[in-house]
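Structural overview
The residues making up each chain are set out below.
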Amino acid sequence: MRVACLGGGPAGLYFAICMKLHDPAHEIVVFERNRPHDTFGWGVVLSDETLDNLTASDPVSAKTIRGHFAYWDDIAVHYRGRTIVSGGHGFCGIVRKKVLNILQDRAQDLGIELAFEREIDSTDELADYDLIVAADGLNSKTRTEHAKAFKPNIDARACKFVWFGTHQKFDDAFTFIFEQTEQGWVWAHAYQFDGDTATFIVECTEDTWAKTGFGEMSQEESIAVCERIFAKYLGGHALMANAGHIRGSAWLNFPRVLCETWSHGNIVLMGDAAATAHFSIGSGTKLAMESAIALAEYLHSEKDMASAFRRYEDERRTEVLRLQSAARNSLEWFEDAERYLDLDPVQFTYSLLTRSQRISHENLRLRDKTWLEAAERWFQESAPGDTPRETRPPMFTPFTLRGLTLKNRIVVSPMAQYSAVDGAPTDWHLVHLGARAQGGAGLVFTEMTCVSPAGRITPGCPGLYAPAHEAAWTRIVDFIHTQTDAKFGIQLGHSGPKGSTQLGWEEADAPLKQDNWEVMAPSPVAWSEHNQVPREMTRPDMDTVRDEYVGATEMALRCGFDLLELHYAHGYLMSAFITPLTNRRRDEYGGSLDNRMRFPLEVFHAVRAVWPEDKPISVRISAHDWVGQEGVTPEEAVEIARMFKDAGVDIIDVSAGQTSVEAQPVYGRMFQTPFADRIRNETGIATMAVGNIHEPDHVNSILMAGRADLCCLARPHLSDPNWTLRAAARIGYEEAAWPKQYYAGRDQLHRLAQRAETFTGKV
Ligand SMILES: Cc1cc2nc3c(=O)[nH]c(=O)nc-3n(C[C@H](O)[C@H](O)[C@H](O)COP(=O)(O)OP(=O)(O)OC[C@H]3O[C@@H](n4cnc5c(N)ncnc54)[C@H](O)[C@@H]3O)c2cc1C
Ligand SMILES: Cc1cc2nc3c(=O)[nH]c(=O)nc-3n(C[C@H](O)[C@H](O)[C@H](O)COP(=O)(O)O)c2cc1C
């Protein structure tokens, strides 16, 4: 086969080598516009796993590459005058130029033609070749030339960065340095890659970059400013530029590249041309070289080129998307770094280390047990009103709000049971909620409990508007308070436009088949085309609803609930006021956010006035309508939370969605936690995270990174009322309080968990 590799970076060169190793009869030319020793950048990082892959495909070049590695194990974070070092991270760095020279030599030894200083402007110039591998990098001309086929999606990310080198030693740790300047924060990623040189990438937000004037500076001027900013870490050494081919300032915005397809006729994209992964997870070279290995293999294992391309896309795309997702988490962390710059250095470091979400809490323990235990101790010491213990997982650290102390950070999220009769909870609720309170969670919530008959979602929803309701709830509160040490919160709500619908296991959100009641909302906007158009609320309607909330609150107090939550999420009445999707009012209750928040805040103030000072109130919000700029965005949710904080709300329960049938939510592990994180760290109010949190590891890492203060689990508690007690056994925590009737079960569970650990070699 006659093969043209367009681009002599890691992808092009390594693909050429792999092809030749599969079949020396291939005629291969690598076209590279630069000379053999020209390259941008300084060092690259590769993991042990990648090196093993390289060794399996070409032991000769892998051995030489290994011989030139600088290894290090620690990550050091310099922040607010402290240096925090954690170990066990295992990286190796190598000069990018060295990798390329090793690959060039190896290619030549194998008989591959290297055509340097050959710029290829169009794939038409390569018409004689059977196969064209477009490994022409980030700004791939081939991708642009055939954009209609490849359908690239390029997202220029928000931060500015520049890649320098330095002879200052950073050989003891991969180093992050955060420095505050008058114009904003500037940070560096520094790592050693040979005996006397280190990569030193400087990054900042576009705002800081503009205020500093970096855009108008030459490379030399930028260097001088960065040398001043990082002077105390550079030990008198200079920063050096190595991007002579880039005109102007050399500062870049990282472009995240995705392509809908990677092949077109006999042309195939590879490496950065096909997909990029942010430099902060150090995987660009890995992706490029591993894709080269895969394509070369499939071209020999599959029946024809089209099948090989198909398999290449199928198999590599998953890996690329996985890395890109981690890379996106990581780059977004840096884009939002200023949000975290008020955190304590320990928590800041934890947040930085876990930013890509590839490293979990227990994974950090494996890397550096001593560091993690010290961080866990810090977490306990920082918990208000707690008596710190020597070792205790973060999820078992108590949490105090006003006069309420929860024994741990696990919350049974509100979950409708549709099993009330005329608004009164039944024995179902006693057993269901009682079992979950026995199961170890610190706080158990009722489902949405409605403030009036018309405010119910379904005929099976419970309420708190009649003496019989108060009596039935009191029985459940008494059980939980006398038989368990869980705290019990009530979620109060009004269904608004989503009322008068069928039970959850019938056709949820669809109107009743008969006996519908009239529903009302801020505006006459139906939930869907099948639901009734609600009546637009008048001011007297608002007075009534406000008073109903107050009445329910007074009953909740007499029942003995410990915490009150106002359900202002999921498209129900208050949420319908907050989101512009359903609030179309032209009076002082619609339009601006101040206006849309007016009635929900009025109800909060009325409720707060009758709820005792020492008992907290939470508000659940939908922090994202998932409909783009038309609805509530995570950014607006920060403003919403800030308004609740200023009004005196103690904690925001950060949910999302269910406000529009048009919503396009993006699900995934802990998918709503970023909103809780943003609200907590941009406004300073405590948050509860919820949504697909199902492992103790998720909870511990959310808490330790300061992304939320409490974690609500809903569905996991439907399948296992004892989720918390089981989690305690799994992570070897023996002090979680079990009902004494169940001690024998506790002892067995802990014994079994210990044995499982022994078998898997974890202890
Ligand atoms: C600041 C920064 C830090 C990074 N750090 C790391 C790291 O630590 N670890 C890591 O693994 N990766 C890192 N990367 C990413 C890594 O450099 C790339 O992902 C990797 O080089 C991709 O290899 P490639 O072969 O696809 O592209 P490139 O290395 O960009 O190679 C493309 C080649 O094609 C040539 N070329 C382009 N167009 C033409 C043309 N028309 N005609 C002829 N030749 C052409 C170019 O001159 C170039 O040599 C970093 C990237 C940046 C920007
Ligand atoms: C059966 C069921 C009923 C629910 N009812 C309510 C409710 O009454 N009030 C509420 O705010 N959220 C309700 N939710 C949403 C949950 O509290 C939670 O936000 C959501 O299920 C995501 O958490 P999870 O991934 O842990 O299940 C309900 C969820 C389920 C599964």
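The structure reproduced in this document is the subject of the present report. (Residues numbered from 1 in each chain as written. Chains lettered and ligands numbered in written order. Predicted model: local features only at pLDDT ≥ 70, side-chain atom pairs only at ≥ 80, totals over all residues. Heavy atoms only, no water.)

A look at the environment of Leu138
Summarising the element assignment, Leu138 is placed in the loop between β9 (131-134) and α5 (141-145). For the pair Leu138 and Ala275, spaced 137 residues apart in sequence, the C-alpha to C-alpha distance is 8.2 Å. Leaving out residues up to four positions away in the same chain, Leu138 has contacts with Arg143, Pro255, Val257, Asp272, Ala273 and Thr276. (Helix = DSSP H or I, 4+ residues; strand = E, 2+ residues; numbered from the N terminus. Contact = heavy atoms within 4.5 Å.)

A few points about the environment of Gly504
Mapped onto the fold, Gly504 is located in the loop between β22 (487-493) and β23 (520-521). Between the C-alpha atom of Gly504 and that of Gln417, which follows or precedes it by 87 residues, the distance is 7.9 Å.

Brief notes about the pairing of strand β5 (residues 74-79)
Within β5, 5 of the 6 residues are buried, which leaves it mostly tucked inside the rest of the structure. In this structure, β5 lies alongside strand β11 (residues 173-181), joined through 5 bridges in parallel fashion. Bridging from a neighbouring strand, Val77 pairs with Phe176 of β11. Relative to strand β6 (residues 82-86), β5 is paired through 5 bridges, and the arrangement is antiparallel. Its bridge partner lying in β6, Val77 is registered against Ile84. Here β5 folds back onto β6 in antiparallel fashion, the turn holding 2 residues, of which Arg80 has a positive phi close to 50°. (Buried < 20%, exposed > 50% of the residue type's maximum accessible area, 1.4 Å probe, protein only. Pairing = 2+ DSSP bridges.)

Quick word on the pairing of strand β26 (residues 617-622)
Counting buried positions over the 6 residues of β26 gives 6, a clear majority of the element. Here β26 shows a buried face lined by Ile617, Val619 and Ile621 and a second buried face lined by Ser618, Arg620 and Ser622. In this sheet, strand β27 (residues 651-655) lies alongside β26 in parallel orientation, the contact comprising 5 bridges. Of the residues in β27, the one forming a bridge with Arg620 is Asp653.

Considering the nonpolar core
Counting residues in hydrophobic clusters, the biggest one holds 121 residues, and the most contacted among them are Phe178, Tyr549, Tyr568 and Phe644. Once you skip the residues sitting within four places of it in the chain, Tyr549 turns out to touch Val451, Leu492, Gly493, His494, Leu566, Tyr568, Met574, Val603 and Val607. Of all hydrophobic cores here, the second largest spans 71 residues; its members include Ala16, Phe31, Ala274 and Ala277. (Core = buried A, V, L, I, M, F, W, Y, C linked by side-chain atoms within 4.5 Å.)

Thoughts on the packing of aromatic side chains
Taken as a whole and judged by the stated rule, the model has 32 aromatic pairs. For the ring pair Phe577 and Phe599, a centre distance of 5.1 Å and an interplane angle of 50° mean the geometry is tilted. Here the residue Phe577 occupies a position in helix α19 (residues 573-578), and Phe599 occupies one in helix α20 (residues 593-610), the gap between them amounting to 22 residues. We classify Phe577 as buried; its relative accessible area is 0%. On the accessibility criterion, Phe599 (0% relative accessible area) is buried. Joined through ring pairs, the aromatic side chains of Trp72, Tyr79, Phe174, Phe176, Phe178, Trp185, Trp187, Tyr191, Trp333, Phe334, Tyr340 and Phe348 make up one cluster. In this arrangement the basic side chain of Arg317 is found over the ring face of Trp262, its NZ or CZ atom lying 4.7 Å from the centre. One cation-aromatic arrangement involves Arg456 over Trp517; the distance from NZ or CZ to the ring centre is 5.1 Å. (Phe/Tyr/Trp six-rings, centres within 6.5 Å; stacked < 30°, edge-to-face > 60°. Lys NZ or Arg CZ within 6 Å of the ring centre and 35° of its normal.)

Section: the site of ligand 1
Taken together, 33 residues lie around ligand 1, and Glu32, Arg96, Ile120, Asp272 and Thr285 are the ones closest in. Protein burial of ligand 1: of its 1,000 Å² of free accessible surface, 94% is covered by the chains. For the shell around ligand 1, the elements supplying multiple residues, two or more each, are α1 (10-22), β2 (27-32), β3 (43-46), β10 (152-166) and α10 (284-301). Residue composition of the shell around ligand 1, grouped by class: 14 nonpolar, 10 polar and 9 charged. (Near = heavy atom within 4 Å. Areas by Shrake-Rupley, 256 points an atom, 1.4 Å probe, with all protein chains shown as cover. Nonpolar A, V, L, I, M, F, W, Y, C, P; charged D, E, K, R; others polar.)

Describing the sheet that holds β2
Strand-to-strand pairing in sheets goes through backbone hydrogen bonds, with the strands running parallel or antiparallel. Spatial ordering of the open sheet is given by β8-β2-β1-β9-β17-β16, a layout of 6 strands whose pairing is mixed. Edge positions in the sheet fall to β8 (113-116) and β16 (263-264), since each has one partner strand and no second. Two strands pair when backbone bridges link them, and β2 and β8 are joined in this way by 4 bridges, in the parallel orientation. Bridged to Glu32 within β8 is Phe116. Each of β9, β16 and β17 (267-269) touches helix α11 (residues 305-335); the most contacted strand, β17, lies at about 10° to it. (Axes fitted to C-alpha atoms, helices over the stretch in contact; angles between N-to-C directions.)

Some remarks on helix α21 (residues 634-647)
Residues lying three or four places apart along an α-helix face the same way, a consequence of the helix completing one turn every 3.6 residues. With 14 residues, α21 ought to run about 20 Å at 1.5 Å a step, and its terminal C-alpha atoms sit 20 Å apart, in line with that. Along α21, the positions that sit buried rather than exposed are Pro634, Glu636, Ala637, Val638, Ile640, Ala641, Met643, Phe644 and Ala647. Elements that come into contact with the buried residues of α21 comprise β25 (563-568), α19, α20, β26, β27 and α22 (673-683). Phi turns positive, to about 115°, at Gly648, one or two residues after α21. (Expected span 1.5 Å × (residues − 1).)

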